[in-house]
Amino acid sequence: MYSLRELEVSLGERSYPIYIEGGLLKSSGILLRQVSRTDKILLVSNPTVFALYGRKVQEAMEKQGFSVSVALMPDGEQYKNQEEAFKVLDQAVEAQLERSSLVLALGGGVVGDLAGLVAALYQRGIDYVQIPTTLLSQVDSSVGGKVAINHPQGKNLIGAFHQPRMVIIDYLTLATLDKREYKSGLAEVVKYGIIHDINFFDYLESHAEAIKAQEAGSLEKIIYESCRIKSEVVAKDERETGLRAILNLGHTFGHSLEKLGNYSRLRHGEAVAMGTIAASFLAREKNYLTVDELERIIKLYRCLGIPIRWPDFEPPAIYEGMLNDKKVINHKLRLVLPRGIGNFVLSEDISREELLAAIRQAQNSL
Ligand SMILES: NC(=O)c1ccc[n+]([C@@H]2O[C@H](COP(=O)([O-])OP(=O)(O)OC[C@H]3O[C@@H](n4cnc5c(N)ncnc54)[C@H](O)[C@@H]3O)[C@@H](O)[C@H]2O)c1
Ligand SMILES: [Zn+2]
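Residues numbered from 1 in each chain as written. Chains lettered and ligands numbered in written order. Predicted model: local features only at pLDDT ≥ 70, side-chain atom pairs only at ≥ 80, totals over all residues. Heavy atoms only, no water.

Asker: Whenever I open this one, helix H11 (residues 268–285) confuses me. Can you help?
Answerer: Since the α-helix advances by 3.6 residues per turn, residues separated by three or four positions end up pointing in the same direction. The terminal C-alpha atoms of H11, which comprises 18 residues, lie 26 Å apart, in line with the 26 Å expected from a rise of 1.5 Å per residue. The element H11 is largely enclosed, with a buried count of 15 among its 18 residues. Backbone geometry just downstream of H11 places Asn287 in the positive-phi region, at approximately 65 degrees. (Helix = DSSP H or I, 4+ residues; strand = E, 2+ residues; numbered from the N terminus. Expected span 1.5 Å × (residues − 1). Buried < 20%, exposed > 50% of the residue type's maximum accessible area, 1.4 Å probe, protein only.)

Asker: Sorry, what's going on with the pairing of strand E6 (residues 127–132) here?
Answerer: Most of E6 sits out of view: five of its six residues are buried. Where strand E5 (residues 102–107) lies against E6, six bridges are found, and the strand directions are parallel. Residue pairing for E6: Leu102 is matched across the bridge by Asp127. Handedness of the β-α-β unit built from E5, helix H4 (residues 109–121) and E6 comes out right-handed. As paired elements, E6 and strand E9 (residues 166–169) share two bridges and run parallel to each other. Each residue of the ladder has a partner; that of Gln130, found in E9, is Val167. (Pairing = 2+ DSSP bridges. Right-handed = clockwise from strand over helix to strand, strands pointing away.)

Asker: I keep staring at the site of ligand 1 and nothing clicks. Help me out?
Answerer: Around ligand 1 there are 25 residues in total, and Glu77, Thr133, Thr134, Lys146 and Thr176 lie nearest to it. The separation between an oxygen atom of ligand 1 and a polar side-chain atom of Asp75 is 2.9 Å. Within the contact set of ligand 1, a nitrogen atom lies 2.8 Å away from a backbone nitrogen or oxygen of Lys146. Counting only elements with at least two residues in the shell around ligand 1, the list comes to helix H2 (47–63), H4, helix H5 (135–141) and strand E8 (154–161). Ranked by the residues each element gives to the shell around ligand 1, the list is headed by H2, at four residues. Looking at side-chain class alone, the shell around ligand 1 contains six nonpolar, 10 polar and nine charged residues. (Near = heavy atom within 4 Å. Polar contact = N/O pair within 3.5 Å; in protein donor to acceptor, adjacent residues only side chain to side chain. Nonpolar A, V, L, I, M, F, W, Y, C, P; charged D, E, K, R; others polar.)

Asker: What's the story with the sheet that holds E9 in this structure? I'm lost.
Answerer: By way of backbone hydrogen bonds, the strands of a sheet pair with one another, either parallel or antiparallel. Reading across from one edge, E1-E2-E9-E6-E5-E3-E4 is the order of the seven strands in this open sheet, with mixed pairing throughout. The outermost strands of the open sheet, each flanked by one partner alone, are strand E1 (5–9) and strand E4 (67–72). Looking at each pair of strands side by side, their axes are set apart by 20 degrees on average, direction ignored. Bridge analysis of strand E3 (residues 40–45) against E5 gives four bridges, and the strand direction is parallel. Note on E5: the bridge partner recorded for Val44 is Ala105. Taken strand by strand, H4 contacts E3, E5 and E6, and its axis lies near 170 degrees from that of E5. (Axes fitted to C-alpha atoms, helices over the stretch in contact; angles between N-to-C directions. Contact = heavy atoms within 4.5 Å.)

This is the structure in structure tokens:
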């Protein structure tokens, strides 16, 4: 009924496959056998996801002769921290994982980031496999090898680059995902179309209803295309010394909005969508976008039901927050802007006034 799609993240000896299919969880053990001869797996998840899919994955593993220990971290971004990471490390020690053993991350980006860091640290680095279960993690965080936990002083401050051995994406898991989480993940999908692929952007426009309704064919398509684009970017710039920065479209604005909302008012994707709209107004001012293109971008978010009404934070406060972003070097804001639809430009010469004006335009655009 569903067809298996496969992609490769090409990174020399660290290359790995991404498999995408509806119902793939039950074949996850067979897939894993392709990359691992180990018998020991540490399955990292949280109680929410484990209750839904843990058993199925565990059975799939055990059928292939893996012996599975389970480490559950509490559900929530606030637990992506040192204490929980070390608890999982303790469990890795207790389970007597070896250099050849494997960490399996089953969950959203929080579980994936923490489990990946645990795998990077345990015995100086062991293999791990991602089974992402939120849209955001299926189209973004599970691919690319950035793993991290938060520090009280900032998000993702303690981390590493550690590529997974495989990514297994079963989009049927999205059926149980909260709708707001789903739409927040869609914002990252739109991002790929804007910066990299006009055809994909066209597809999103013409299939907005199917995407909103989470029809299988459109889920497969949007996840496949997003992973394809992310893989291409990561393959060219694994450690974010250049090109990979384009994946931050809308994020410098977005991080500031998330922070001003105390990380509770806005979902990450919502803040990114709003930030992308401000970046698009800037691009319009600098003639990188036509009025038509700017309107198409705003309309696509609307058609997909992604909330883009900006909170009424004061523009100068938003601007100050942007200067504190960890991507800012020497107080110089370096922003990714759309250049037409399907292309980008990195802009370093944006004045405070121009930014404040773009923020106001974005705030008034609805
Ligand atoms: N490593 C990267 O490159 C990268 C990129 C982007 C984001 N991130 C990180 O990802 C994290 C956010 O990830 P997220 O948006 O997936 O959030 P999340 O992991 O917190 O998941 C959101 C919620 O959905 C629940 N959930 C997960 N799968 C479910 C399912 N199938 N059905 C029902 N509920 C389910 C989770 O338990 C959680 O409550 C952040 O910490 C962010 O820093 C990392
Ligand atoms: Zn993001």
